[in-house]
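Chain and residue survey
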Amino acid sequence: DGGITQSPKYLFRKEGQNVTLSCEQNLNHDAMYWYRQDPGQGLRLIYYSQIVNDFQKGDIAEGYSVSREKKESFPLTVTSAQKNPTAFYLCASSSTGLTPSNQPQHFGDGTRLSIL
Amino acid sequence: AQSVTQLGSHVSVSEGALVLLRCNYSSSVPPYLFWYVQYPNQGLQLLLKYTSAATLVKGINGFEAEFKKSETSFHLTKPSAHMSDAAEYFCAVRRSGGYNKLIFGAGTRLAVHP
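Just so it is clear, the structure is predicted and the values come from calculations on it, not from any experiment.

Turning next to the overall build of chain B. When helices and strands are tallied, chain B shows 0 helices and 12 strands. Moving toward the C terminus, one meets the helices and strands of chain B in the order β-β-β-β-β-β-β-β-β-β-β-β. On C-alpha atoms alone, chain B measures out to a radius of gyration of 14 Å, which is about the 13 Å that the 2.2 N^0.38 rule sets for 114 residues. For chain B, with 114 residues in total, the buried portion stands at 46%. Within chain B, contacts between residues at least 6 apart in sequence are counted, and of these 55% link residues at least 24 apart. When the accessible area of chain B is evaluated, it comes to approximately 5300 Å², of which 53% is carbon and sulfur surface. Both charge centroids of chain B, one from 10 positive and one from 6 negative side chains, sit 11 Å from each other.

Before going further, it helps to spend a moment on the packing of aromatic side chains. Under the defined criterion, the tally for this structure stands at 13 aromatic pairs over all chains. Between Tyr 47 of chain A and Phe 55 of chain A the ring centres are 6.0 Å apart and the planes differ by 80°, which places this aromatic pair in the edge-to-face class. What makes Phe 55 of chain A partly exposed here is its relative accessible area of 36%. Three or more aromatic residues joined by ring pairs make a cluster, and in this case those are Tyr 33, Tyr 35 and Phe 107 of chain A together with Phe 34, Tyr 36 and Phe 104 of chain B. The ring of Phe 74 of chain A carries Arg 68 of chain A above its face, with NZ or CZ at 5.9 Å from the centroid.

Turning our attention to the state of the cysteines. Residues and elements named next belong to chain A. Counted according to the given criterion, the structure contains 2 disulfides over all chains. The disulfide that involves Cys 23 links it to Cys 91, with 1.9 Å between the sulfurs. Between Cys 23 and Cys 91, the disulfide has an S-S torsion of -70° and is therefore left-handed. Here Cys 91 lies in strand E9 (residues 87–94) and Cys 23 lies in strand E3 (residues 19–25), a separation of 68 residues in the sequence. For the pair Cys 23 and Cys 91, a shared accessibility class is recorded, and that class is buried.

With that settled, consider the environment of Ala 81 of chain B. Residues and elements named next belong to chain B. Looking at the secondary structure, you find Ala 81 in the loop between strand E9 (73–78) and strand E10 (87–94). Given the relative accessible area of 4%, Ala 81 is considered buried. Each C-alpha atom, one on Ala 81 and one on Gly 16, is 4.7 Å from the other, the two residues being 65 residues apart in sequence. The residues contacting Ala 81, other than those within four sequence positions of it, are Val 13, Ser 14, Glu 15, Gly 16, Ala 17, Val 19 and Val 112.

Our next topic: the interface of chain B and chain A. The partner chain A presents 28 residues to the 21 residues of chain B that form the contact. Among the residues chain B hides against chain A, the three largest losses belong to Asn 41, Tyr 99 and Asn 100 of chain B. Together they make up 29% of the total. In this assembly, chain B and chain A are joined by 1 salt bridge. Residue Arg 95 of chain B pairs with Asp 59 of chain A through a salt bridge whose shortest N-O separation is 2.5 Å. The tally of links between chain B and chain A comes to 10 residue pairs in polar contact (both at pLDDT 80 or more). Partitioning the side of chain B that touches chain A into residue classes produces 10 nonpolar, 7 polar and 4 charged.

So, on to unusual backbone geometry. Glycine aside, residues mostly have negative phi angles, and peptide bonds mostly take the trans form. The linkage connecting Ser 7 of chain A with the following residue, Pro 8 of chain A, adopts the cis geometry, with an omega of -10°. Residue Asn 53 of chain A is not a glycine yet carries a positive backbone phi of 65°. Overall, Asn 53 of chain A belongs to the exposed group, its relative accessible area being 61%. The phi angle at Asn 41 of chain B is positive, at roughly 60°, despite the residue not being glycine. By secondary structure assignment, the location of Asn 41 of chain B is in the loop between strand E5 (33–38) and strand E6 (44–50). For Asn 41 of chain B, a relative accessible area of 35% puts it in the partly exposed group.

Calculation criteria
- Residues numbered from 1 in each chain as written.
- Chains lettered and ligands numbered in written order.
- Predicted model: local features only at pLDDT ≥ 70, side-chain atom pairs only at ≥ 80, totals over all residues.
- Heavy atoms only, no water.
- Helix = DSSP H or I, 4+ residues; strand = E, 2+ residues; numbered from the N terminus.
- Rg over C-alpha atoms; globule rule 2.2 N^0.38 Å.
- Buried < 20%, exposed > 50% of the residue type's maximum accessible area, 1.4 Å probe, protein only.
- Contact = heavy atoms within 4.5 Å.
- Areas by Shrake-Rupley, 256 points an atom, 1.4 Å probe, with all protein chains shown as cover.
- Lys, Arg positive; Asp, Glu negative; His and termini not counted.
- Charge placed at Lys NZ, Arg CZ, Asp CG, Glu CD.
- Phe/Tyr/Trp six-rings, centres within 6.5 Å; stacked < 30°, edge-to-face > 60°.
- Lys NZ or Arg CZ within 6 Å of the ring centre and 35° of its normal.
- Disulfide = S-S within 2.5 Å.
- Buried area = accessible area lost by both parts, 1.4 Å probe.
- Salt bridge = Lys/Arg side-chain N within 4 Å of Asp/Glu carboxyl O.
- Polar contact = N/O pair within 3.5 Å; in protein donor to acceptor, adjacent residues only side chain to side chain.
- Nonpolar A, V, L, I, M, F, W, Y, C, P; charged D, E, K, R; others polar.

Okay, here's the thing in structure tokens:
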């Protein structure tokens, strides 16, 4: 079955440490997204990528970095500059086909990041 | 600016009762609207989407939503709640300005009591 795989499911970060969250999709989607979810705040967009080797900042990109070297992969690095990283992180992808505006986003099962 | 407001962060219903989850949006362009469901420690699953083809949209698991332009609303309903419907529900609107980016509401947690 096609889908989005996020790993690890749980991750712990020490002070001053960078950590990388993995996101892989086999849906052949061009577009990929990273969201941060905090209780009572819905989902906030961190970064998005419409095509390989290109990505743009979302609403809360500070303290995060991404890369898009392969179509199926969009890893997110939470840097030490992100002072409040504890959250649930969700990766999504969508098609950019003939009618991209109504293509739904498909989500992975998330990574829960906590501070040690 | 575009926005999505979900009225009621928590909704509680009895099993078999009507489910009504409210969503109002603000958009300067014809909106594309979505409802997603999230079970604990999981990602979001698409329930249904509105793309201007019909104002009443039927989704999975017996849910449906009606687009009302005059009220800028896209409320989610289900005639009879089931225990398995207990989850968090998010309404989202596609952002204007290109790309398939979404703006999400804060979510409504649905509890279903026997």
